[in-house]
Amino acid sequence: MIYHNSVRLGAKSYCYVWQGRGNNCNAILWPSVLRGACPHVLVDPGHIRNELGEPCFDSLTQAMERDGFKMDDVGLVIGTHSHPDHIEAAELVVEKSGALFTLSREEDEFYRTIGKMFFQAFGGKPPQVNPSFYLKEGDLSLGAKNSKVTVKVFLTPGHSPGSVSLYLEEDKILISGDVVFAGSIGRTDFPGCSPSLLRKSIDKLSQLDVEYLVSGHSTEAGSIVAGKDKVKRNFYTVKIFV
Ligand SMILES: [Zn+2]
């Protein structure tokens with residue numbers, strides 16, 4: 001059973017939109033980017049299994065396979081933040097392919113002190129992954145000449161202390177993690193949350209020129225917000241909540 005709907009966006013992005021009944025995040029794949037035997041980059045692999053027992057990671061693996069990409073060929077896993085529904089499966093990817101793992105330094109520190117307790121609270125095991133490098137605000141250049149992807153990294157704390165959002169300028173795609181959703185914003189009632197920082201982060205992202213807003217979760221208002229005007233209107237609407 002595949003619970004992920006694959007949506008191709010722009011020249012290089014495959015979005016795997018979660019469609020199960022329980023909780024899991026949307027994942028993003030940039031295939032064939034890195035040099036070497038494991039060229040794919042995967043953002044937010046999500047849960048292994050969620051609270052309803054849905055096999056989230058198997059579903060993602062199969063959805064990718066249907067598009068011709070193997071989980072074993074992932075060379076880098078990026079975490080927008082350290083919550084279980086975003087990075088629980090990171091350890092499995094790293095085990096399978098020896099992929100590198102990265103998130104921001106701020107989020108790593110949070111994960112090691114408080115964030116890993118979220119896993120126990122939700123009945124899971126915190127993944128044993130060590131970041132190979134830290135995501136910093138600014139340009140992250142991935143891959144060789146012809147297959148290069150340049151990602152602009154923005155530190156967008158508020159939902160989690162070291163949340164990042166990723167922006168592909170070329171295709172005007174914004175991957176916002178749990179900062180902003182279609183018609184809604186990330187929760188601010190967890191440890192490590194800050195409503196005032198979330199507001200600043202949303203303000204920062206709303207300045208970008210975005211054609212596709214790909215958020216960490218779908219809502220009743222939808223999943224990917226497509227079209228500049230709709231994205232603008234979405235930012236305008238969600239600012240009422242913060
Ligand atoms: Zn989250």
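Residues numbered from 1 in each chain as written. Predicted model: local features only at pLDDT ≥ 70, side-chain atom pairs only at ≥ 80, totals over all residues. Heavy atoms only, no water.

Topic: the coordination of the zinc ion
Those donors, His-81 (NE2), His-83 (ND1), His-159 (NE2) and Asp-178 (OD), are the protein atoms that reach the zinc ion, and they lie 2.2 to 2.4 Å from it. Metal-centred angles of 87 to 174° between the four donor atoms at the zinc ion mark the site as irregular. Spacing between the donor residues of the zinc ion along their common chain follows H-x1-H-x75-H-x18-D. Here Asp-178 lies in the loop between strand 11 (173–177) and strand 12 (180–181) and His-83 lies in the loop between strand 5 (74–78) and helix 2 (84–87), a separation of 95 residues in the sequence. His-83 gets classed as buried once you look at its relative accessible area, which sits at 3%. (Donors = N, O, S within 2.8 Å, 3.2 Å for Na, K, Ca; no water. Tetrahedral: all angles 85-135°; square planar, octahedral: opposite > 155°, others 65-115°. Helix = DSSP H or I, 4+ residues; strand = E, 2+ residues; numbered from the N terminus. Buried < 20%, exposed > 50% of the residue type's maximum accessible area, 1.4 Å probe, protein only.)

Quick word on the pairing of strand 1 (residues 4–9)
Where strand 1 meets strand 2 (residues 13–18), six bridges bridge the pair, whose relative direction is antiparallel. Opposite Arg-8, over in strand 2, you have Tyr-14 as the bridge partner. Counting the residues between successive antiparallel strands, the hairpin from strand 1 to strand 2 contains three residues, one of them, Gly-10, with a positive phi of roughly 60°. (Pairing = 2+ DSSP bridges.)

A closer look at the pattern of salt bridges
Taken as a whole and assessed by the stated rule, the structure comprises eleven salt bridges. Measuring nitrogen to oxygen at the nearest pair gives 3.2 Å for the salt bridge that ties Lys-204 to Glu-137. Remark: Glu-137 occurs in the loop between strand 7 (133–135) and strand 8 (138–142) and Lys-204 occurs in helix 6 (residues 195–206); sequence separation between them is 67 residues. By relative accessible area, which is 30% here, Lys-204 ends up partly exposed. Salt-bridge contacts for Arg-187 lead to Asp-189; the nearest nitrogen and oxygen are separated by 2.9 Å. Using a relative accessible area of 46% as the deciding quantity, one classes Arg-187 as partly exposed. On the accessibility criterion, Asp-189 (54% relative accessible area) is exposed. Salt bridges linked by common partners bring Asp-139, Lys-152 and Glu-169 together as one network. (Salt bridge = Lys/Arg side-chain N within 4 Å of Asp/Glu carboxyl O.)

Comments concerning the sheet that holds strand 15 (residues 222–226)
Within a beta sheet, neighbouring strands are joined by backbone hydrogen bonds and run either parallel or antiparallel to one another. Sheet architecture is open: six strands sit in the order 8-9-10-11-14-15, paired in mixed fashion. In this open sheet, the two edge strands, each paired with only one partner strand, are strand 8 and strand 15. Across the sheet, the mean angle separating the axes of adjacent strands is 25° when strand polarity is ignored. By the bridge criterion, four bridges tie strand 11 to strand 14 (residues 212–219) in an arrangement that is parallel. Bridge pairing in strand 14 places Ile-175 opposite Val-214. (Axes fitted to C-alpha atoms, helices over the stretch in contact; angles between N-to-C directions.)

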